[in-house]
Amino acid sequence: MTDTRRRVKVYTLNEDRQWDDRGTGHVSSGYVERLKGMSLLVRAESDGSLLLESKINPNTAYQKQQDTLIVWSEAENYDLALSFQEKAGCDEIWEKICQVQGKDPSVDITQDLVDESEEERFDDMSSPGLELPSCELSRLEEIAELVASSLPSPLRREKLALALENEGYIKKLLELFHVCEDLENIEGLHHLYEIIKGIFLLNRTALFEVMFSEECIMDVIGCLEYDPALSQPRKHREFLTKTAKFKEVIPISDPELKQKIHQTYRVQYIQDMVLPTPSVFEENMLSTLHSFIFFNKVEIVGMLQEDEKFLTDLFAQLTDEATDEEKRQELVNFLKEFCAFSQTLQPQNRDAFFKTLSNMGILPALEVILGMDDTQVRSAATDIFSYLVEYNPSMVREFVMQEAQQNDDDILLINLIIEHMICDTDPELGGAVQLMGLLRTLVDPENMLATSNKTEKTEFLGFFYKHCMHVLTAPLLANTTEDKPSKDDFQTAQLLALVLELLTFCVEHHTYHIKNYIINKDILRRVLVLMASKHAFLALCALRFKRKIIGLKDEFYNRYIMKSFLFEPVVKAFLNNGSRYNLMNSAIIEMFEFIRVEDIKSLTAHVIENYWKALEDVDYVQTFKGLKLRFEQQRERQDNPKLDSMRSILRNHRYRRDARTLEDEEEMWFNTDEDDMEDGEAVVSPSDKAKNDDDIMDPISKFMERKKLKESEEKEVLLKTNLSGRQSPSFKLSLSSGTKTNLTSQSPATNLPGSPGSPGSPGSPGSPGSVPKNTSQTAAITTKNLSWSSSYLKPSNTWAPFSVHNQVKDAESAPSECEVGSPSELLKHQ
């Protein structure tokens with residue numbers, strides 16, 4: 001959208017009664033379905049986003065000010081303003097607002113500012129316009145009472161304001177002021193004070209324009225000198241005309257600009273010095289006065305910025321060596337105020353403003369100014385530099401990196417800033433604190449631009465550590481050459497605390513660059529010398545610096561600390577502090593507690609090995625004993641790595657049995673018929689249950705006939721075998737080789753590894769505990785008995801737990817390992 005008539009700035013009034021800029025865009029009016037009515041819409045000229053969407057409410061009071069402003073309140077304590085680039089655009093939108101509210105566009109306010117009772121509204125609406133008494137000396141008291149009585153009622157204030165405008169009443173009152181002064185009529189002057197103060201509280205732009213005009217403003221200030229509460233009148237006019245002098249450091253050729261500057265200064269003086277501090281109820285009545293000053297400042301900055309000749313002359317004289325010191329001081333003070341005024345600009349205009357200053361050479365000019373001896377000039381230059389850094393730190397970084405290619409380190413802008421910080425003569429180091437904040441902003445990676453190649457952080461930090469860091473650390477290194485600070489006065493301690501604060505910030509944000517610098521320059525050892533300072537705040541700053549390094553848990557730092565034994569100053573400070581319970585005590589304990597909790601093994605070992613004897617008696621906290629315990633556990637693991645691996649296994653639950661195996665075993669246990677197992681009876685293994693084809697096919701009748709004879713012989717032989725001690729209670733029967741061959745062909749499962757019938761198992765031929773040859777008959781009988789049980793015994797995975805479970809220690813009560821129930825009992829399972 002290219003229509004400049006509709007180009008506006010959107011402002012909101014903040015809690016401090018200052019206008020905040022919300023952006024620039026183009027305004028339009030139209031029906032918004034969501035709001036159910038005609039609305040004002042402002043879309044940003046940069047990206048088209050919606051800056052404002054405000055419904056034109058029939059009861060909202062809109063005010064038109066200075067021909068290019070429309071001000072209104074959306075809600076309680078939320079004021080809005082549209083500042084138009086052109087008067088024609090303001091008139092168009094004003095007509096739309098008046099059309100919606102059914103008002104005449106010639107008025108400057110559309111509604112009452114607050115609600116009134118219906119009765120009062122009816123009375124006032126039915127009455128004609130307010131008639132003012134004739135402007136005469138004898139009626140000043142009546143006029144003052146009329147003004148005072150009109151202030152509580154918004155509608156009466158509106159009528160009073162219109163009457164004052166239409167009749168040129170203010171100029172008539174100011175004529176009476178001259179008469180009263182000439183006649184020394186103090187009572188009349190007191191009435192005029194009340195009248196003029198009341199007119200201010202009407203909060204009317206049209207009245208302000210009359211009162212602040214060149215011909216009227218000094219008389220208005222004169223009226224406000226005669227406060228009835230004071231025994232003697234003030235002398236504001238004398239101050240403005242004789243004491244306050246307007247200096248044109250650079251001649252201003254534009255008369256309109258010059259008049260605007262005079263007007264703004266005087267109105268600002270009225271607001272700050274002449275008018276009494278408004279009460280809570282009167283504060284909002286002066287909002288238009290705030291707005292008048294604000295927009296005047298915006299206009300002044302814009303007009304100066306557009307005057308190229310003015311700015312060119314300004315910077316030429318600033319950098320000219322022939323310019324005398326007094327003149328240069330005036331130029332710097334003007335530039336400082338100029339930059340302060342720029343804070344009222346909206347972001348886009350502020351961008352253009354600082355770009356203009358940059359193109360004019362403000363940074364080289366500041367470099368020249370900061371190199372001067374005049375303290376006041378340097379202070380003003382520092383304020384200007386702060387505006388630039390806060391606005392655009394990248395612009396400053398780019399300048400200093402370019403200048404490093406041409407100039408020596410001593411005259412670089414950043415080094416000049418560091419030198420001024422170090423050489424600050426203020427006992428409280430107010431300037432040094434400000435400069436340290438600016439340096440911190442410049443070296444903060446968070447506000448460095450993330451460009452496509454991402455080189456700003458790398459390039460600037462490389463430049464800073466190469467060309468500037470040695471200047472920053474110079475006072476620290478100069479003061480820590482011995483075991484204690486060479487200078488320990490309060491101002492030096494404050495300065496070193498500022499340096500340490502910035503270095504601590506670098507440790508946190510510049511990991512790579514600061515690490516190399518600290519280790520190569522042995523900075524931490526020098527810093528810890530300050531632990532011996534008599535100033536507790538400085539010793540704590542040194543401790544905080546080390547704590548920040550340890551908090552990184554970086555082994556490069558840890559090895560550096562251990563190699564140089566840099567816990568020694570800390571331990572000394574801890575012991576020297578004694579039993580005092582203070583911040584130093586708590587901070588040191590917290591550092592060791594951090595090492596213990598985070599289990600920093602290298603530092604734990606170093607502390608215990610070197611400082612345990614000094615710390616072992618500290619028992620009011622468990623920190624050091626906890627460190628010792630950590631150290632012992634660590635050494636135990638190193639001495640016995642198997643134990644460490646065992647603990648690791650236990651932690652990982654690797655020795656837990658498979659849950660499915662447990663479930664299978666439990667199920668088998670409950671499925672076993674306890675009646676089938678007599679006391680002292682051994683469980684037969686699965687491999688002993690497998691039989692050859694001939695044994696399986698033996699008739700039952702034949703087995704029954706031989707049962708008693710075979711059973712008695714079997715028990716007798718087996719009992720002798722068990723008592724002889726040649727077999728263990730868990731021994732399982734081995735079959736003959738011929739039978740084994742048949743079993744292998746019939747039941748492959750019997751040769752599984754670990755089964756009693758597998759090679760090398762306790763029950764295999766030739767293995768320890770096998771049956772001797774003289775027991776072959778018994779073995780054959782037992783084999784036949786087992787042939788009947790092979791079809792009925794449980795699967796092989798059910799025997800192992802119970803064969804162990806049923807073992808007994810007493811040999812006399814040990815069961816026969818191959819004893820089986822009678823065929824009649826076995827048949828029951830069919």
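This text goes with the structure placed above it.
Okay, so let's go over this structure.

Rules and cut-offs
Residues numbered from 1 in each chain as written. Predicted model: local features only at pLDDT ≥ 70, side-chain atom pairs only at ≥ 80, totals over all residues. Heavy atoms only, no water. Patch = residues over 30% accessible without salt bridge, like charges linked within 9 Å, V, L, I, M, F, W, Y side chains within 5 Å. Areas by Shrake-Rupley, 256 points an atom, 1.4 Å probe, with all protein chains shown as cover. Salt bridge = Lys/Arg side-chain N within 4 Å of Asp/Glu carboxyl O. Helix = DSSP H or I, 4+ residues; strand = E, 2+ residues; numbered from the N terminus. Buried < 20%, exposed > 50% of the residue type's maximum accessible area, 1.4 Å probe, protein only. Contact = heavy atoms within 4.5 Å. Polar contact = N/O pair within 3.5 Å; in protein donor to acceptor, adjacent residues only side chain to side chain. Axes fitted to C-alpha atoms, helices over the stretch in contact; angles between N-to-C directions. Parallel < 35°, antiparallel > 145°, perpendicular 65-115°, else oblique. Left-handed = near helix turned anticlockwise from the far one by under 90°. Nonpolar A, V, L, I, M, F, W, Y, C, P; charged D, E, K, R; others polar. Expected span 1.5 Å × (residues − 1). Phe/Tyr/Trp six-rings, centres within 6.5 Å; stacked < 30°, edge-to-face > 60°. Lys NZ or Arg CZ within 6 Å of the ring centre and 35° of its normal. Core = buried A, V, L, I, M, F, W, Y, C linked by side-chain atoms within 4.5 Å.

1. Focus: a nonpolar patch on the surface
Where nonpolar side chains cluster on the molecular surface, the patch consists of Tyr-31, Met-38 and Val-100 and spans about 270 Å² of accessible area. In this structure, Tyr-31 sits in strand S2 (residues 19-32). The class of Tyr-31 is exposed, set by a relative accessible area of 52%.

2. Some remarks on the environment of Gln-85
Relative to the helices and strands, Gln-85 is located in the loop between strand S7 (78-84) and helix H1 (87-101). The class for Gln-85 is partly exposed, based on a relative accessible area of 43%. Note: C-alpha distance between Gln-85 and Lys-9 (76 residues apart in sequence) is 8.2 Å. Residues within four places of Gln-85 in sequence aside, it is in contact with Thr-4 and Arg-7. Separated by 2.9 Å, the side chains of Gln-85 and Arg-7 make a polar contact.

3. Digging into the packing of helix H9 (residues 236-243) against helix H10 (residues 255-274)
Packing of H9 against H10 leaves a shortest axis separation of 12 Å and a crossing angle of 140°. Taken together, the axes of H9 and H10 are oblique relative to one another. Between H9 and H10 lies a crossing of right-handed hand. For the pair H9 and H10, the contacting residues are His-236, Phe-239 and Leu-240 in the first and Tyr-265, Tyr-269, Met-273 and Val-274 in the second. Of the residues contributing to the contact of H9 with H10, the split by class is six nonpolar, one polar and no charged.

4. Details of helix H30 (residues 623-639)
Across its 17 residues, H30 extends 24 Å between first and last C-alpha, which sits within 8% of the 24 Å expected from 1.5 Å per residue. Within H30 the residues assigned to the buried category are Thr-623, Phe-624, Gly-626, Leu-627, Lys-628, Phe-631 and Gln-634. If you follow the buried residues of H30, they end up packed against helix H27 (568-577), helix H28 (583-597) and helix H29 (601-615).

5. Some remarks on the packing of aromatic side chains
According to the stated counting rule, one finds 24 aromatic pairs in the structure shown. Relative to Phe-212, the ring of Phe-200 lies with its centre 5.9 Å away and its plane at 45°, an arrangement referred to as tilted. Here Phe-212 lies in the loop between helix H7 (205-211) and helix H8 (217-223) and Phe-200 lies in helix H6 (residues 186-201), a separation of 12 residues in the sequence. Phe-212 shares its class with Phe-200; the two are buried. When the ring of Phe-208 is compared with that of Phe-212, the centres are 5.4 Å apart and the planes differ by 15°; the resulting orientation is stacked. Residues Phe-208 and Phe-212 agree in their burial class; the two are buried. Ring pairs connect the aromatic residues Phe-310, Phe-334, Phe-338, Phe-353, Phe-354 and Tyr-391, which therefore count as one cluster. Geometry around Phe-567 places Lys-546 over its ring, the cationic atom sitting 3.6 Å from the centre.

6. Some points on the nonpolar core
Judged by nonpolar contacts, the single largest core of 139 residues is most densely connected at Phe-385, Ile-414, Phe-460, Ile-518, Phe-567 and Phe-592. The biggest single contributor to this core is helix H22 (residues 490-509), with 12 residues. Contacts of Ile-518, omitting those with residues within four sequence positions, involve Val-507, Ile-523, Leu-524, Phe-545, Ile-549, Tyr-557 and Tyr-560.

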